[in-house]
Amino acid sequence: MKQAITLAIGGLLVAGGLNAQSKLPVYQNPAQPLEERVEDALSRMTLHEKIGVIHAQSKFSSPGVARLGIPEVWCTDGPHGIRPDVLWDEWEQAGCTNDSCTAFPALSALASTWNIELAHQYGVSIGEEARYRNKSVLLGPGCNILRNPLNGRSFEYLGEDPYLSGQMVTQYILGVQEQGVAACVKHYALNNNEVNRYTSNAICDERTLREIYLPAFEAAVKEGKAMSIMGGYNLFRGQHACHNDYLMNKILKGEWGFDGTVISDWGGTQSTVEAIHNSLDMEFGTWTDGLTMNKTNAYDNYFMAKPYEELILAGKESTEQLDDKVRRVLRMIFRTSMNPNRPWGSMGSEAHIALARQVGAESIVLLQNKAVRGKGQKKAAPLLPLNLASTKRILVVGENAIKMMTVGGGSSSLKARHEVLPLDGLKTRLAGTGVEVAYARGYVGDVGGEYNGVSTGQSLKDDRSPAELIAEAVREAKLADLVIFIGGLNKADHQDAEGTDRQQYGLPYGQDDVIEALVAANPRLVVVNISGNPVQMPWLKKVPCVLQDWYLGSEAGNSLADVLTGDVNPSGRLAMTYYADLTQSPLYGDESRYPGLKRSDKNEWDITYSEGLYVGYRHIDRQKLTPAFPFGHGLSYTTFKLADAKVVTENGLPVVTCTLTNTGKIAGAQVVQLYVNDVEASVDRPVKELKAFAKVMLQPGESREVKLSLNERALSFFDVESMQWKAEPGKFLFHVGFSSADIKATLPWTL
Ligand code: BGC
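Criteria and thresholds
- Residues numbered from 1 in each chain as written.
- Predicted model: local features only at pLDDT ≥ 70, side-chain atom pairs only at ≥ 80, totals over all residues.
- Heavy atoms only, no water.
- Helix = DSSP H or I, 4+ residues; strand = E, 2+ residues; numbered from the N terminus.
- Rg over C-alpha atoms; globule rule 2.2 N^0.38 Å.
- Buried < 20%, exposed > 50% of the residue type's maximum accessible area, 1.4 Å probe, protein only.
- Contact = heavy atoms within 4.5 Å.
- Areas by Shrake-Rupley, 256 points an atom, 1.4 Å probe, with all protein chains shown as cover.
- Lys, Arg positive; Asp, Glu negative; His and termini not counted.
- Charge placed at Lys NZ, Arg CZ, Asp CG, Glu CD.
- Pairing = 2+ DSSP bridges.
- Axes fitted to C-alpha atoms, helices over the stretch in contact; angles between N-to-C directions.
- Near = heavy atom within 4 Å.
- Polar contact = N/O pair within 3.5 Å; in protein donor to acceptor, adjacent residues only side chain to side chain.

Per the secondary structure count, the protein includes 19 helices and 30 strands. A globule of 751 residues ought to have a C-alpha radius of gyration of about 27 Å, and the protein, at 27 Å, matches this closely. Across its three principal axes, the protein shows a C-alpha extent of roughly 85 × 85 × 60 Å. Across the 751 residues that make up the protein, the buried fraction comes to 62%. Expressed as a percentage of contacts within the protein between residues at least 6 apart in sequence, the contacts between residues at least 24 apart total 74%. If you sum the accessible surface of the protein, you get close to 27,600 Å²; carbon and sulfur atoms cover 52% of it. With 75 positive and 86 negative side-chain charges, the protein shows a spacing of 5 Å between the two charge centroids.

Listed below in C-alpha cells is the structure:
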C-alpha cells in the first residue's frame with residue numbers, strides 16, 4: 001500500500017512537471033534543445049535589451065533581461081577561491097558577512113601536483129563554492145605560460161609547459177562546470193608580464209604561438225569545453241587581445257569552434273568597432289570613473305553600450321554581430337543559472353578543507369634532502385622527514401612562518417574563513433610529541449596585510465634592525481636540534497603580485513644573509529621557500545634540505561606540517577625550471593624580449609618573443625645549461641626504480657610502457673614523465689618536449705606497469721606553410737624519466 005501511494009505521488013509529480021514545462025515559453029523550457037531556446041529568447045529581445053546583456057551593470061555583474069525572467073550574470077574571481085563581494089560600483093568591500101571562502105592552493109601549486117584527478121576535484125570544489133554564492137562565472141583558471149620568472153602573476157598560472165598546463169586546466173574546467181558554473185579561462189593570450197600590462201604588445205612568430213602559448217587555451221576550449229574565456233590586457237601583433245581579429249575571430253571562434261562567451265578583462269576593452277567585429281561578447285570593468293563622473297550611469301558609456309546602440313540606430317552597424325554576441329551570452333546563462341539541474345553547491349565544507357590540505361601537501365616539492373649528522377649521531381641522515389624521536393627542540397625562523405598570505409596579490413586576494421599559518425600547523429602537529437618549537441623572526445619583509453579593504457588583522461611590525469634579528473636567530477639556532485627557515489616571497493607588490501613584476505630573482509629583505517648565518521650556526525637547516533615563481537638560491541651547496549612550498553591558502557600550515565613530519569610523502573614535481581641565476585633565463589640581457597622596447601609613435605612596448613620555442617627546460621636543454629633544479633624535479637622519502645622501458649606501435653602510433661617499482665620502505669608516488677624528441681625533422685625541434693606523464697602511487701616493494709600513449713599531435717610540430725600540425729616520418733627518441741634532466745631510458749622509434 002505504502003509503495004502504491006509513493007508511486008502515485010511520483011507519477012503525479014512527473015505529469016505535473018511535464019504539464020508545467022509544456023506551458024513554458026521555449027526559452028525557459030529546459031526540455032527544449034539549447035539552440036532553440038537561444039533563438040526563442042533572442043527573438044523576444046529589443047535592441048536595447050540586447051545591448052544591455054553584453055556589458056556590465058556593476059563591477060562584477062551584467063544585467064539579464066528582467067522583463068523575460070532571464071537572470072543577471074554574476075562573475076567572481078578566481079582562480080583559487082571565491083572573491084569577497086565589493087560594492088556595486090566601487091572596488092571597496094561590500095562588507096558582507098557571508099562571503100568568506102575556502103582559500104585553495106594557488107594554481108602554481110596545483111600544477112606541481114601533476115595529478116589530474118586532483119585538478120578535477122579542485123575544479124569541483126571551487127565550482128561548488130561559486131555555485132553556493134550564486135556566481136555563474138568563475139574568473140579562472142589562468143593558463144598563461146611561465147615565460148619569465150619575474151612575472152608577478154606566475155602564481156596564478158600552471159607553469160612553463162604547454163602540455164602539463166593543458167592537462168591540468170582541462171580537468172579544473174570540467175570540475176567547475178559540472179556545478180553549473182562557467183569557467184572563464186584567462187588571460188587569452190600572451191599575457192606574460194605585469195609591467196606595462198595594458199600597453200605591452202606581444203610579437204610572436206606563428207609556430208611559437210601555436211606550440212607554446214596556445215595549447216593550454218586550445219585544450220581548455222576543445223577538451224575542457226570552457227563556457228567562457230577572458231581576453232588579456234596586452235596587445236598581440238599591434239591589436240588589443242580582447243578584440244584581436246587573429247586570436248578571437250580566426251583561431252578561437254574559427255579554428256577551435258568556440259561556442260562560448262568572450263569576456264573582456266576588467267578594463268581591457270579599447271574600441272567599439274573592434275569589439276563589434278572581433279568577437280568580444282561581454283565588456284567589463286572599463287575605466288569609467290563610476291558614478292562620480294556625474295553621469296547617471298557610467299556603464300551606459302561603455303564601448304559596447306550606447307556607442308554601439310547608436311551605431312546600429314544610425315544604420316552604421318548591423319545587428320548581425322550583436323545577435324551573435326547575445327546568443328553566446330544566452331547560451332552561457334542557459335548552461336548555468338537557467339539550468340534547473342545544476343547542483344546547489346556548498347562552502348567551507350569539510351571536503352573542501354580536506355581537499356585544500358591534500359592539494360597543498362601534494363604540491364610541495366622536496367628539492368634537496370642531503371644527509372647531515374646530528375649532535376651525538378654516528379651516521380648522517382637526511383633531515384626530512386623530521387625524526388621526532390631524536391629531536392627535542394626545533395627553531396622556526398622567518399616571516400612567512402607567521403604571515404597570512406591569502407590576502408594580497410591582486411584580484412585573486414581572498415577573505416578566507418580560516419588560514420593555518422606554517423608555524424601554527426607545525427606546533428599543532430607536534431603538540432604532545434615532546435618536541436618543542438621555538439620561533440625567531442629573522443627578517444622583516446612586508447608588514448602590510450590588506451587588499452581592497454580586506455585586512456588580515458595581523459600586526460607584523462618589528463622595529464629591530466636586520467643585525468639584531470639575525471643575532472637573535474643565530475643565538476636560538478645554536479640551541480636547537482634543527483632549524484627550519486620559512487621565507488620566500490609574499491604577494492606584496494613586486495613579490496608575486498598582480499600589476500607589478502618582481503625586480504630581482506633573488507630573495508628580498510636580506511633573506512640570503514639570514515640563511516647564510518643560520519647554516520653557519522647550525523648545519524641542520526631546512527629552508528622552506530614559499531613563492532609562486534622560482535627564486536635564486538645562492539646558498540644551495542651549504543643548505544642540506546630545501547622544500548619548495550607555494551601559496552597554499554586556508555590549510556597552508558597543515559599541508560606543510562604533513563610533509564615536514566612525513567605524514568605525507570612528498571610527491572610534488574616542479575612545473576617550472578629553477579634557473580641557477582637569471583643569466584640562464586632565455587630573456588636575460590635582451591630588452592626587446594623583456595620588458596620590451598618602447599615605440600616612439602605610441603605608448604606601447606613591443607615585446608619580441610624571439611627566443612621562440614625555447615622557454616624553460618626547452619632553453620636549458622638547447623643551451624646545455626645546468627639549472628638549480630630542472631623542470632619535473634622533485635624528491636620523495638622513498639626511492640623508485642624504472643625498468644623494462646619499451647615502445648610498441650599500436651594503430652601506427654607509439655605506446656611506451658615501463659615498470660615502476662617502489663624500492664624504499666614507505667608508500668609514495670612518482671611521476672613518470674615522457675619527453676619526445678623528433679630527431680629527423682625538417683624544422684628545428686626542441687631536444688625534449690613533455691607529451692605524456694602518469695602519477696603512480698606505490699606501496700613499499702610494489703611494482704606497476706605504466707603505459708603512456710602518444711597521439712599524432714604529440715609527435716607534431718606546427719607547420720607554418722600549411723598552417724597544420726604535422727607529424728613527419730622519420731626517427732624519434734622517447735625519453736622516459738623522473739624529470740627533464742633525470743632520464744632513465746631513451747627509446748628510438750620510427751614513424
Ligand atoms: C584581472 C583579472 C580579474 C579581473 C577582475 C583584472 O584586473 O586581470 O584576472 O579577473 O581584474 O577582478
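Pairing is antiparallel across the open sheet formed by four strands, whose spatial order is S25-S24-S29-S30. Lying at the two open borders of the sheet, with one neighbouring strand each, are strand S25 (689-698) and strand S30 (742-750). For this sheet, the mean angle separating the axes of adjacent strands, direction not counted, is 20°. Where strand S24 (residues 668-678) meets strand S29 (residues 731-739), six bridges bridge the pair, whose relative direction is antiparallel. Paired with Asn-677 across the strands is Leu-733, a residue of S29.

This paragraph deals with the site of the ligand. Residues in contact with the ligand amount to 14 residues; listed here are only the nearest, Asp-77, Arg-153, His-187, Tyr-233 and Asp-265. The separation between an oxygen atom of the ligand and a polar side-chain atom of Arg-153 is 2.8 Å. Tyr-233 places a polar side-chain atom, nitrogen or oxygen, 2.7 Å from an oxygen atom of the ligand.

Quick look at the sheet that holds strand S3 (residues 137-139) now. Taken together, six strands build an open sheet; the order of strands is S1-S2-S3-S4-S6-S9 and the sheet is mixed. Strands with a single pairing partner mark the edges of an open sheet, and in this sheet they are strand S1 (61-62) and strand S9 (261-264). Looking at chain direction, strand S6 (residues 228-231) and S9 are connected through four bridges and run parallel. In the strand pairing of S9, Ser-228 is matched with Thr-261. Seen against the sheet, helix H12 (residues 320-335) touches strand S2 (73-77), S3, strand S4 (182-188), S6 and S9 and runs at an angle of roughly 100° to S9.

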